[in-house]
Amino acid sequence: TGERLMSVGDELDEVLAADISADQTLVALGGPQKIARVYSTATGELVYECKKHTDWIYSLEFSPDGVLLATADRSGGLLVWEAQTGREYLTLTGHTGAVNSVSWRIDGNVLASASEDTTIRLWEMENGGQIKSWAGHAGGTFSVEFCRDSRLVSSGRDRVAKLWDANGGALLT
């Protein structure tokens, strides 16, 4: 119907990233205040804040199973949190530019990230190790998204959309 179901957050600035957990119990917001805030959909109340980022939060996403929350910022910061508690789970280091986008593989065991440093990177969630890294788009990779079959689609500052296999092999431009 287009009716508003609820409103959460009392942000003083823009919201640059938002996601709702798969079970629809939590909503996460991020933006220029460098804090990811997570709210309860039942009450609209703030559940916790993630305050470790040093720059604007550009992207965030709950894992498909609702166990983890990934957050990414303008200075290359990429963090994974326990979704229910907000405790830091992993710090993923490697990007040298802003991380514009994150996406979870459907099983929640692999996180993809896209950065202004042109790369797309895949991370495993057991120890936070980098699985793969490849140059995605000249001028910077703007977005990445896992497909249900583990392929990835990305777009970049080069105004091109690309489809990749699970190992970073280009399939379609």
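One can find the structure itself at the top, above this paragraph.
This section reports on the structure supplied with the text. (Residues numbered from 1 in each chain as written. Predicted model: local features only at pLDDT ≥ 70, side-chain atom pairs only at ≥ 80, totals over all residues. Heavy atoms only, no water.)

Each pocket or cavity is described by its volume, and for the largest pocket that value is around 200 Å³. Together, 14 residues line the largest pocket, and Glu61, Pro64, Trp104, Glu145 and Phe146 are the ones closest to its centre. Counting residues per element, the ones that place at least two in the lining of the largest pocket are β1 (17–20), β5 (57–62), β9 (99–104) and β13 (141–146). Grouping the constituent residues of the lining of the largest pocket by class yields seven nonpolar, two polar and five charged. (1 Å grid on protein atoms, 1.4 Å probe; cavity = no way out; pocket = protein on both sides within 12 Å on 5 of 7 lines; lining within 4 Å. Points joined across faces, edges and corners; volume = space filled by probe spheres on them. Helix = DSSP H or I, 4+ residues; strand = E, 2+ residues; numbered from the N terminus. Nonpolar A, V, L, I, M, F, W, Y, C, P; charged D, E, K, R; others polar.)

Strand order in the open sheet made by the four strands is β1-β2-β3-β4, with antiparallel pairing throughout. Pairing within the sheet leaves two strands with one partner each, and these edge strands are β1 and β4 (46–50). Going from strand to strand, the sheet's axes swing by 15° on average, the running direction of each strand aside. By the bridge criterion, four bridges tie strand β2 (residues 26–30) to strand β3 (residues 36–40) in an arrangement that is antiparallel. Of the residues in β3, the one forming a bridge with Leu29 is Arg37. (Pairing = 2+ DSSP bridges. Axes fitted to C-alpha atoms, helices over the stretch in contact; angles between N-to-C directions.)

Applying the stated criterion across every chain yields a total of one aromatic pair. Ring centres of Trp134 and Trp164 lie 5.6 Å apart, and the angle between their planes is 55°; on these two criteria the pair is classed as tilted. Placement of Trp134 in strand β12 (residues 130–135) and of Trp164 in strand β15 (residues 161–164) is noted, with a sequence separation of 30 residues between them. Residue Trp134 is classed as buried on the basis of its relative accessible area of 9%. Residue Trp164 is classed as buried on the basis of its relative accessible area, which comes to 5%. In this structure, Arg74 packs its charged tip against the face of Trp56, placed 4.2 Å from the ring centre. (Phe/Tyr/Trp six-rings, centres within 6.5 Å; stacked < 30°, edge-to-face > 60°. Buried < 20%, exposed > 50% of the residue type's maximum accessible area, 1.4 Å probe, protein only. Lys NZ or Arg CZ within 6 Å of the ring centre and 35° of its normal.)

Turning next to the environment of Arg37. Here Arg37 is to be found in strand β3. Since its relative accessible area comes to 14%, Arg37 is described here as buried. Sequence separation of Arg37 and Val27 is 10 residues, and the distance between their C-alpha atoms is 8.2 Å. With near-sequence residues (within four places) excluded, Arg37 lies in contact with Glu11, Val27, Ala28, Leu29, Leu46, Tyr48 and Glu49. A polar contact of 2.8 Å, which involves the side chain of Arg37, links it to the side chain of Gln33. (Contact = heavy atoms within 4.5 Å. Polar contact = N/O pair within 3.5 Å; in protein donor to acceptor, adjacent residues only side chain to side chain.)

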